[in-house]
2 protein chains.
Amino acid sequence: METMTKNVSVEKSKTSKISEVDFNNLSFGSVYTDHMLVCDFVNGAWQTPKVVPYQPITLEPSAKIFHYGQSIFEGMKAYKDENGDAWLFRPLENFKRLNKSAKRLAIPELPEAYFMEGLTTLLQVEKDWIPQNPGSSLYVRPFILASGTGFHASPADEYKFIIACAPSGAYFSGKVKVLIEENYSRAANGGVGYAKAGGNYAGQFYPTQLAIEKGYNQVIWTDDNTHEYIEEAGAMNIFVRINDTLITGPTSDRILDGITRKSILEIAEDQGIATEVRKITVSEVVEAAKNGSLKEMFGAGTAAVVSPIAGFGYQGTDYELPELDNSYATQLKTYITDIQYNRTEDKFGWRYPVE
Amino acid sequence: METMTKNVSVEKSKTSKISEVDFNNLSFGSVYTDHMLVCDFVNGAWQTPKVVPYQPITLEPSAKIFHYGQSIFEGMKAYKDENGDAWLFRPLENFKRLNKSAKRLAIPELPEAYFMEGLTTLLQVEKDWIPQNPGSSLYVRPFILASGTGFHASPADEYKFIIACAPSGAYFSGKVKVLIEENYSRAANGGVGYAKAGGNYAGQFYPTQLAIEKGYNQVIWTDDNTHEYIEEAGAMNIFVRINDTLITGPTSDRILDGITRKSILEIAEDQGIATEVRKITVSEVVEAAKNGSLKEMFGAGTAAVVSPIAGFGYQGTDYELPELDNSYATQLKTYITDIQYNRTEDKFGWRYPVE
Ligand SMILES: Cc1ncc(COP(=O)(O)O)c(C=O)c1O
Ligand SMILES: Cc1ncc(COP(=O)(O)O)c(C=O)c1O
C-alpha cells in the first residue's frame, strides 16, 4: 500500500543483528530489532515519523521523563502465519488507548496516521524479525516520553514517540500462584490506573517483590479503599470462573481497559459461555474456593495472552484451584491465538494485515 | 574537609557558562550549572560517584525509566550568606527520604556517604553558581533513574543517581488561588504518594491544567475515597489557620513527609503558635471560611518555602481569605529563610555548611 507510507521516511541500518538471534530460544522483550520508529513533538506539533536504525536516546539531565514520570506506553504483538504473512491484532484499539493515556498524562495526543503508518512501515522493514515459531511473536512497544526540560513540575513542551520491537517467546510459562493484596494498591480513584502510565508499573514492583519472597509469582490487586474487590492480576486483567460463569470486573478509572479482556468477553459470549461483568469480591472468591464452585482464575493481557492461576494466598491461607481437562482458559487462549496467527476465520474482524 | 571528598572524583569542565547567566533575572530550575554528580548502580553495587561536566544522558530505548516510571527525586536548595559562605538546609532529611522512596520503588538504596560527599563535593565545585541575590538560591536536584533495560515489567538491574543544580529565583510569585479537588486524586492508600516517585507528578498535570483553565493556580488534593479530607497543595504540604491555631494533616502513605512542613511545625511551636496535626475536612474549612474563623491557608515546600493562598474554589463557589497584617505565613517564612540564609541563630541545628 503506497499511500500507507507517505508520511513516514525510512533510513535503513547498514548492518543487521538478526543472524545473532536464536529464534528457538527467545525470552520476553530483551532482544531488539534493527530499526525503530521515532516521531518528535516540537514547536507545538508532532513531526513526520521516521524509521531509523535502532539507537540510543540522548536527553538532557533535566528532561521531564527523568523527574516527573511523564510517559505512557502500549504493548502489542505482530504474528506470522504459515504462509509468512504478518498480522497485528486490533491495533487501532492500542492507538485509541495510547491517546486516552496521553490525555490523562497531559501529553499531546498523536495523529492516527502517524501511529498506524509509523507502525506498519516499521513492521514492513522488520518483517524478517517476526518469528514463525509456535507461541513466538514480535512484541511491539510504542511509547511516549517527555523530552522537554525543566525542574518545574509541569508538562513538558517536547516529547518523543517511539516504537521499538523485540522478538519474544512466551511471557509466562506454567501456572502462577498469586497473592491477593491486602495492604498495597496500584491505583487511586480519580488517579491514572486506567492509563498505561509508566509510574503505575514502578509502583507495583515492591509489593510484587514481597509477594515473590513469600513464594507467589504475582499480586492480585484489590481496590485501595477496602481491599475487598479484586481488580487486576499483576499487569493483566483478571477473570474468575464460578461454576460455569466467567466473571471479570468492570473497567473503571482504576482498571486498564484491556484489549485481551474485551476480546475474551466477546469470544466467550460467541461460544455460549455465560459471562458477567461485575465487581468481584475477595470474600466470594474465597467462599467459592472453599465450596468448590471456583473452577478457574486467569489473567488476560497481550504479553501472556491467558495466564492460568494455580492457586491464591489470602490472609495467610493458600487456596488451590482444581486441574481441569476442559478449562475456559485453554479454550479461550486457543481461540484467540488462532485468530492472531491466522489459523482460523476471523469473524470479529480483529486481524489487521501488515502491508 | 579532605575526608569528605575521598570517595568522589572530580572532572572539571573546560569552559563555564556562568558569564551567560543573568543572576538578577532567574526563573525556577531552567538554567543548569557547569557540572553534575553521576553515580552508577551496576553489577549489584553503587559505584564511586563522580563530578563531571554537565552533559546529556544516553540510554537504550528499552531503559526501564522510559517504560515503567522507575524513578525518584529530591529537591533541596543551597543558600549563600552575606559573607559568601554556602549552606544547605537539613540535607540528611533529603537523603533519608530518597532512600524511603527508593525502597518503595524497588530501587537499590544509596549509601549515605555517596549522597552526602557527592552533594558537598559538587557544591564546592559549583560554589560560584549559588546566587547571593535576595530570595534566590541554587536549586539542587538529586534523582535516580532506572537505566537497566527490558520490556518485562520488573525492576531494572542498573540505575543512575545524578545531582544537577539550577540557580533559581522564587518559585511562585504572589498569592495563589486554589481549587479543592472533587474528582481527581494524586495518591492511593497503599500506593506511592509518600514517595517522591516521578509518576506521582505526571498524574497531577492534567487535573492541574483543568484547574488552571477554570482560573485557579493550583489544586488542593483530597483523599481519593471520599474527597472530604484536605491532603496536599499541589506539590506542597498544606497548612490551615483557623482562629489562631495552625493545622496540618498527619503524614500517611498518601502524603509526602515534607521537610518544610516539619520545620514549620517546630518553629511554630517554638514561637508559641498553637499547632495541631490532625485530619482536616473540606467541610470544616468551608465552614470556617463562611464564619470568618479561617484566617490563612498556605502551602509549604522547599521550592516555594511558604506559598500563601488568596482563596479557594469548592463545588462552584469561590471563597476569599482575608488580607492579614501579621500572617503566620509571613512570620514563619521569614524565620525559616533567616535560618536558611544564615541571618539568624540556628537553635535547631538545621543549617549544614557546604565545605
Ligand atoms: C495494568 C494492565 N492491565 C491489563 C492489561 C492487559 O491489557 P491488554 O489486553 O490490552 O494487553 C495490561 C497490559 O498488558 C496492563 O498493563
Ligand atoms: C507532593 C509534595 N508534597 C510536599 C512537598 C514538600 O516537601 P519539602 O518541604 O521536603 O520540599 C513536596 C516537595 O517539595 C512534594 O513534592
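Residues numbered from 1 in each chain as written. Chains lettered and ligands numbered in written order. Predicted model: local features only at pLDDT ≥ 70, side-chain atom pairs only at ≥ 80, totals over all residues. Heavy atoms only, no water.

Digging into the packing of helix α2 (residues 91-104) of chain A against helix α3 (residues 112-125) of chain A
Residues and elements named next belong to chain A. Where α2 contacts α3, the two axes come as close as 10 Å, and the packing angle between them is 135°. Taken together, the axes of α2 and α3 lie oblique to each other. The crossing of α2 and α3 is right-handed. Every residue of α3 that contacts α2 at P91, L92, N94, F95 and L98 is listed here: E112, F115, M116 and L119. Classifying every residue of the contact of α2 with α3 by side-chain character gives seven nonpolar, one polar and one charged. (Axes fitted to C-alpha atoms, helices over the stretch in contact; angles between N-to-C directions. Helix = DSSP H or I, 4+ residues; strand = E, 2+ residues; numbered from the N terminus. Parallel < 35°, antiparallel > 145°, perpendicular 65-115°, else oblique. Left-handed = near helix turned anticlockwise from the far one by under 90°. Contact = heavy atoms within 4.5 Å. Nonpolar A, V, L, I, M, F, W, Y, C, P; charged D, E, K, R; others polar.)

Observations regarding the pattern of salt bridges
The tally for this structure, following the rule as stated, stands at 32 salt bridges over all chains. Across the pair A:E93 and A:K262 runs a salt bridge, and its minimum N-O distance is 2.8 Å. Of the two residues, A:E93 is situated in helix α2 and A:K262 in helix α5 (residues 259-270); the sequence distance between them amounts to 169 residues. Among the residues examined, A:E93 registers a relative accessible area of 19% and is labelled buried. Relative accessible area serves as the criterion here: at 22%, A:K262 is assigned to the partly exposed category. A salt bridge links B:D318 to B:K177, with the nearest nitrogen and oxygen atoms 3.7 Å apart. (Salt bridge = Lys/Arg side-chain N within 4 Å of Asp/Glu carboxyl O. Buried < 20%, exposed > 50% of the residue type's maximum accessible area, 1.4 Å probe, protein only.)

A short note on the side chain of B:H35
Residues and elements named next belong to chain B. Tracing the chain through its elements places H35 in strand β2 (residues 35-42). Accessibility expressed as a relative area gives 4% for H35, which makes it buried. Within polar-contact distance, the side chain of H35 engages the backbone nitrogen of S13 at 2.9 Å. In contact with H35, other than residues within four places in its own chain, are E11, K12, S13, V51, V52, P53, Y54, L122, V125 and E126. (Polar contact = N/O pair within 3.5 Å; in protein donor to acceptor, adjacent residues only side chain to side chain.)

Re the site of ligand 1
Residues and elements named next belong to chain A. Not every one of the 15 residues close to ligand 1 is listed here, only the nearest: K196, Y201, E232, T260 and T302. A distance of 2.4 Å separates a nitrogen atom of ligand 1 from a polar side-chain atom of E232. Taking T260, its side chain carries an N or O atom lying 2.6 Å from an oxygen atom of ligand 1. Protein coverage of the free-state accessible area of ligand 1, which is 390 Å², stands at 96%. (Near = heavy atom within 4 Å. Areas by Shrake-Rupley, 256 points an atom, 1.4 Å probe, with all protein chains shown as cover.)

Thoughts on the relation of the copies chain A and chain B
With an axial shift of 0.0 Å and an RMSD of 0.0 Å, the rotation relating chain A to chain B amounts to 180°. As the rotation angle and translation indicate, the two copies are arranged about a two-fold axis. Of the residues that chain A buries at the interface, 100% are likewise interface residues in chain B, meaning the two copies contact each other through the same surface. (Least-squares fit on C-alpha atoms with pLDDT ≥ 70 in both.)

Points about the UniProt feature "modified residue: N6-(pyridoxal phosphate)lysine" (unreviewed entry) in chain A
Residues and elements named next belong to chain A. Cross-referencing UniProt, the feature "modified residue: N6-(pyridoxal phosphate)lysine" (unreviewed entry) maps to K196 in the present numbering. Topologically, K196 is positioned in the loop between β11 (176-180) and α4 (198-213). For K196, a relative accessible area of 11% gives the class buried. (UniProt positions renumbered as here; feature names shortened; annotations may be inferred.)

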